[in-house]
Amino acid sequence: MDYHYLFHYYDESTGPFRNLSDLSPQSAETVLQDIREQSKGFASQRSADYLQIRRSLEQRAREQFIAKGGKPVRRHPHYMTLGRCPWLQQWYPQGMELNIPVAAFNPETISFTYGDLFPTMRYADGKPYRGQVYTLKEILEVVREYGLPQKWNAAGDSGPERYVEVQIWEEPPGLFQKYL
């Protein structure tokens, strides 16, 4: 079943689990500016305030996750999807896909949003899953009710949710190191 695996998309030239949020604000902006100048995939289209918004949303997600009993190890998450989302592989010049069973993760270190963190936390359309961070048990209920966005909205023409995003709050190596 699609929701038994988490998927990570990345560029072959950089490798998996590279995270702008792990860098200092100045270093992250330098990397992002290089991506913009070289028109490297989807990330080259990000706004000037992207990093500031991203860090704020990550902090909000972390706080909500802790309030639900989550035990994040990392300050900023790595990102994956619940189920396959081929559209994300196209974000990268040399897109790669890595999949890892959900069971390889400690449930206390993974949270979920129904859609990408940015629109989930910022898009005000009254849908009940907006502004929410979910535990593994909770997101499975949401998926049972609404389905996987990558199935019903693969083309993105039915709203901003294109996949269920997973925030990985642990470090590789962790339980999932053997899959890298």
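Note that this is a predicted model, so its numbers are computed, not measured.

1. Focus: the pairing of strand S2 (residues 78–82)
Right, so step 1: S2 sits mainly inside the fold: four of its five residues count as buried.
Right, so step 2: Relative to S2, strand S1 (residues 5–11) is paired through two bridges, and the arrangement is antiparallel. Pairing of Leu6 across the sheet is with Leu82, part of S2.
Right, so step 3: As judged from the five bridges shared by S2 and strand S5 (residues 164–168), these two strands associate in the antiparallel manner. Bridge pairing in S5 links Leu82 to Val164.

2. Points about the packing of aromatic side chains
Right, so step 1: A full pass over the atoms with the stated rule returns five aromatic pairs.
Right, so step 2: Residues Tyr114 and Tyr129 carry aromatic rings whose centres are separated by 4.4 Å and whose planes lie at 55° to one another, so their mutual orientation is tilted. Placement of the pair is Tyr114 in the loop between strand S4 (110–113) and helix H4 (117–122) and Tyr129 in the loop between H4 and helix H5 (136–146), with a sequence separation of 15 residues. The two residues Tyr114 and Tyr129 agree in class, both being buried.
Right, so step 3: One aromatic cluster is present, built from ring pairs that chain together Trp87, Trp91 and Tyr163.

3. Notes on the nonpolar core
Right, so step 1: In this structure, Leu6, Leu82, Phe112 and Ile139 are the most contacted members of the largest nonpolar core, which totals 23 residues.
Right, so step 2: Tallying contributions element by element places H5 first for this core, with four residues.
Right, so step 3: Each residue touching Ile139, except ones within four places of it in the same chain, is listed here: Leu82, Phe112, Tyr114, Tyr134 and Val164.

Rules used throughout
- As a convention, each chain's residues are numbered from 1 in the sequence order in which they are written.
- With the structure being a predicted model, the display of local features is reserved for residues of pLDDT at least 70 and the display and counting of side-chain atom pairs for 80 or more, all residues being used for whole-chain, interface and lining totals.
- Hydrogens are left out, water is left out, and the side-chain values use all remaining heavy atoms of the structure.
- Buried means the residue's accessible area, taken with a 1.4 Å probe over protein chains only, is under 20% of the maximum for its type, while exposed means over 50%, and partly exposed covers the values in between.
- By the criteria applied, helices consist of DSSP H or I runs no shorter than four residues and strands consist of E runs no shorter than two, each listed in order from the N terminus.
- At least two bridges found by DSSP between two strands are what make those strands a pair.
- Only Phe, Tyr and Trp rings are paired, with Trp represented by its six-membered ring, and only when their centres lie within 6.5 Å; those with planes under 30 degrees apart are stacked, over 60 edge-to-face, the remainder tilted.
- What makes a nonpolar core is a set of buried Ala, Val, Leu, Ile, Met, Phe, Trp, Tyr and Cys residues whose side-chain atoms join them at distances within 4.5 Å.
- Contact criterion: two residues are considered in contact whenever any of their non-hydrogen atoms come within 4.5 Å of each other.

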